[in-house]
Structure formats: C-alpha cells, structure tokens
Amino acid sequence: MQFTSKLGKTEVTRKGNFEVYETTLYLAGVTKPLTILLGADTHMCLTDYRDDLARKNFTWQRRMWFPFGQDILEDIVTFPSQNKVDFTVFLGDVIDFPSQKNMETLTELLSRQTLGDYLYIEGNHDYNFPEEDINGTPEALRAIDALAVRANGYTELTPKEYQGGFHAVDLGEVIIAGGNNITKEGREAMIKGVKDLYGSEKPVILCFHRPIENEGIIPSVLQAWKKNGLIPFEKDEVASAATAENSPVAALFSGDVHFFHTNVVNGCLPQIVVSSQEKKIKTGTPAESDKYWSGIGLVHILPLENA
C-alpha cells in the first residue's frame, strides 16, 4: 500500500547550541502531529588507557576534526526533555570508532531519561576501527554486536549474529524503520525488512546512514566536498525496495554528507538528509573561543490534508 507524502518548507532557527532545521512532512494516514528529532555524524572520539599508542594518536588526529562530538551528543540527548519531541533517530557515525571508552560513554548517554524513545542506526564509522586490518575480524564483529546491544537498549545479545539488523518501531500512526545500509549484510537485512513491511496499513519512514543518490543531492555534495566520488552513495537496491508499487515507505531520513538537504527520490519519496557536524564559533574572544554550534533536524509530521 502506497502512502502519499509531501515536503513543506524548511525554517532554520537557533535553540541553544543548535542550528535547528525544522521541516514539515505532510503524510497520508496521519491524524495527529508527530515531531521527530534527527541527529547524525557527531563522530565522538574518545580513548583511554585501554587503547594502544597507535589508536590514541589516531584519536588525537580525528579530534582536530571533531573536537566537540561528546558535547554535541550530550546536547542531543538533552534536547527532547526541553522541547516537544516524540521520537529521536540517530542516523549514523555517532561515534568515530568503537573504542571501549566511546562505547561506554555512548551507553551512558543513551540511557539518560532526558532522551526518551529512539532508534539508533549505524553509519560506516560506528563499527569501524582505525586500523584497516582489524575490520572484519572477530574483534570488529564483537564491536558490532556490542553496538547493537548498547545502542538499542538490549540487555544481552540475540542468538543470531548481528551485522546491521533491521529495526521497526510502531509509533501509533507511523512506523519508523531502518538499519545499516553500509555493509552487505546490513543492506540485505534492510531490503528484506522493507519487503516484510509490504502491505502495512501504516506509512513507514525508512532511516539509514548513506543517502540515496539522485540528481537533487549530487551537486550539493560536490560543492560541499570539492571532490567527485568522495561519498559512495546508496544506489538502486534499497531505493527499488522502498519505491516498489506495494511499498508503504513514505519518506526517507539519512545522514553521512555533513550538511542538511532535502530532495525527492525516484520522483515520489521525500528524502531528508541531516547532520550534527560541529562548527566552531569564531568570535576572537578567549571566553567564547571554545564554544561550538551544530545542526539537528526537527521533522514535524502533519496530516496530508493540511498541506
């Protein structure tokens, strides 16, 4: 069953340390307003005595790019308690790599009462170690397992090996669903998960880290990154499953590119791309030289007839 959707305009406001991109999504099948908080790409970089010198040096280099990852994540976790938010979606690269300190800090932050209900989607950084030769090894796979358990509030591992499973959360009139579209296993799980939702009587919002490529976003990526091909976009498989004739997917949320953007995929699906990438405030005064501001998305879902 297909659900018609339409994007409204985006307004940019300031709330605390955030530049808030507030977008309206008009959606068939919805009778009551719903507000979704979107955050992505905080790249929290933490290590401690348990890490070797090579990993600490790597962290030092990455923190030059992402010095405020933990601060921004703490602000995101606090935001729902201070503003009207019904649900939060983390759209990947929340941590820069799965060090024990990153994982423990993430677990503590996501367990705070201020956050409320959420869905955690892994990006390409969440489960990747800086050493290329460790990825795909048992240690890396254990980190993926631990990330799934800690990030989604489970108390123990599920019997099956987790490699980017698909999650669906029923919010009453809307289903928020998604998973890891980076790894082969994650993409396969996502495609199967979407197809399992075919025939749903509720609209589905599909969430993942890497945006679906289309003419609307490519020029913005080239302008932002000054290099062709730097971002390996999601292409046909997930998009085909999401836009099939009997698909209930009505909108797409993603991150990865480190800027806010909206576009339409395959002529029918609104895609909202968000980032919590930090920017330093340049005031020239010592008192404010260490401050930062960042970006989040607030999507206000309203009945289609209100458009």
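Quick look at the structure, then. (Residues numbered from 1 in each chain as written. Predicted model: local features only at pLDDT ≥ 70, side-chain atom pairs only at ≥ 80, totals over all residues. Heavy atoms only, no water.)

1. Brief notes about the overall build of the chain
Alright, step 1. Along the chain, the regular secondary structure elements total seven helices and 13 strands.
Alright, step 2. Buried residues in the chain amount to 51% of all 307 residues.
Alright, step 3. The contacts in the chain between residues at least 6 apart in sequence include a share of 70% that link residues at least 24 apart.
Alright, step 4. Total accessible area on the chain stands at roughly 14200 Å², and carbon and sulfur atoms take up 50% of it. (Helix = DSSP H or I, 4+ residues; strand = E, 2+ residues; numbered from the N terminus. Buried < 20%, exposed > 50% of the residue type's maximum accessible area, 1.4 Å probe, protein only. Contact = heavy atoms within 4.5 Å. Areas by Shrake-Rupley, 256 points an atom, 1.4 Å probe, with all protein chains shown as cover.)

2. Notes on helix H5 (residues 184–196)
Alright, step 1. Taking 1.5 Å of rise per residue, the 13 residues of H5 would be expected to cover 18 Å, and the 18 Å separating its terminal C-alpha atoms lies within 8% of that figure.
Alright, step 2. Of the residues making up H5, those classed as buried are Gly 186, Arg 187, Met 190, Ile 191, Gly 193 and Val 194. Mapping the buried residues of H5 onto a view down its axis gives an arc of 165°, with all of them on the same face. Exposed residues lying more than 90 degrees from the buried face of H5 are Lys 184, Lys 192 and Asp 196.
Alright, step 3. Packing partners of the buried residues in H5 comprise strand E7 (175–178), strand E8 (204–207), helix H7 (236–242) and strand E9 (249–254). (Expected span 1.5 Å × (residues − 1). Arc of directions from axis to C-beta.)

3. A look at the pattern of salt bridges
Alright, step 1. In the structure shown here, the tally under the stated rule is 13 salt bridges.
Alright, step 2. We note a salt bridge from Arg 62 to Asp 96, for which the minimum N-O separation is 2.8 Å. With Arg 62 in helix H1 (residues 53–65) and Asp 96 in the loop between strand E4 (87–91) and helix H3 (100–110), the pair connects residues that are 34 residues apart, well separated along the chain. Note on accessibility: Arg 62 and Asp 96 belong to one class, buried.
Alright, step 3. We note a salt bridge from Glu 188 to Lys 184, for which the minimum N-O separation is 2.7 Å. Of this pair, Glu 188 and Lys 184 both sit in helix H5, four residues apart, roughly one helical turn.
Alright, step 4. Given a relative accessible area of 44%, Glu 188 falls into the partly exposed group.
Alright, step 5. Bridged by salt links that share partners, the residues Asp 48, Arg 50 and Glu 104 form one connected network. (Salt bridge = Lys/Arg side-chain N within 4 Å of Asp/Glu carboxyl O.)

4. A word on the packing of helix H2 (residues 69–82) against H3
The angle between the axes and the distance between the axes are what describe a pair of packed helices.
Alright, step 1. Two numbers describe how H2 lies on H3: the axes approach to 10 Å, and their chain directions differ by 20°. Our classification of the angle between H2 and H3 gives roughly parallel. The way H2 lies across H3 gives a crossing that is right-handed. Packed against H2, whose contacting residues are Gln 70, Leu 73, Glu 74 and Val 77, the element H3 presents Thr 105, Leu 106 and Leu 109 at the interface.
Alright, step 2. Considering only residue class, the contact of H2 with H3 consists of four nonpolar, two polar and one charged. (Axes fitted to C-alpha atoms, helices over the stretch in contact; angles between N-to-C directions. Parallel < 35°, antiparallel > 145°, perpendicular 65-115°, else oblique. Left-handed = near helix turned anticlockwise from the far one by under 90°. Nonpolar A, V, L, I, M, F, W, Y, C, P; charged D, E, K, R; others polar.)

5. With respect to the pairing of strand E3 (residues 34–39)
Alright, step 1. Of all the six residues making up E3, six are buried; the element is thus mostly covered by neighbouring parts of the structure.
Alright, step 2. Pairing of E3 with E4 involves four bridges; the strand directions are parallel. Its bridge partner lying in E4, Gly 39 is registered against Phe 90. (Pairing = 2+ DSSP bridges.)

6. Here we look at a nonpolar patch on the surface
Alright, step 1. A surface patch of nonpolar side chains, about 470 Å² in accessible area, is lined by Trp 60, Met 64 and Trp 65.
Alright, step 2. Note that Met 64 resides in helix H1.
Alright, step 3. Taking relative accessible area as the criterion, Met 64 reaches 54% and is therefore assigned exposed. (Patch = residues over 30% accessible without salt bridge, like charges linked within 9 Å, V, L, I, M, F, W, Y side chains within 5 Å.)

7. Quick notes on the nonpolar core
Alright, step 1. Grouped together as the largest cluster of nonpolar side chains are 26 residues, with contacts concentrated most on Phe 90, Leu 106 and Tyr 120.
Alright, step 2. The set of elements that each furnish at least two residues to this core consists of strand E2 (18–27), H2, H3, strand E5 (118–121) and strand E13 (292–303).
Alright, step 3. Ranked by the residues each element gives to this core, the list is headed by H2, at five residues. (Core = buried A, V, L, I, M, F, W, Y, C linked by side-chain atoms within 4.5 Å.)

8. Let's talk about the environment of Ile 191
Alright, step 1. Among the structural elements, Ile 191 can be located in helix H5.
Alright, step 2. The spatial distance from the C-alpha of Ile 191 to the C-alpha of Ala 242 is 8.2 Å, given a sequence separation of 51 residues.

9. Considering the side chain of Asp 41
Alright, step 1. Following the sequence through the fold, Asp 41 ends up in the loop between E3 and H1.
Alright, step 2. The side chain of Asp 41 sits in the buried core without any salt bridge; Arg 210 is the nearest counter-charge, 8.5 Å away.
Alright, step 3. A distance of 3.0 Å separates a polar atom in the side chain of Asp 41 from the backbone nitrogen of Asp 256.
Alright, step 4. In terms of polar contacts, Asp 41 uses its side chain to reach the side chain of His 258, at 3.4 Å.
Alright, step 5. Not counting residues within four places of it along the chain, the set of residues in contact with Asp 41 comprises Gly 92, Asp 93, His 209, Gly 255, Asp 256, His 258, Val 274, Ser 275, Ser 276 and Gln 277. (Lys, Arg positive; Asp, Glu negative; His and termini not counted. Polar contact = N/O pair within 3.5 Å; in protein donor to acceptor, adjacent residues only side chain to side chain.)

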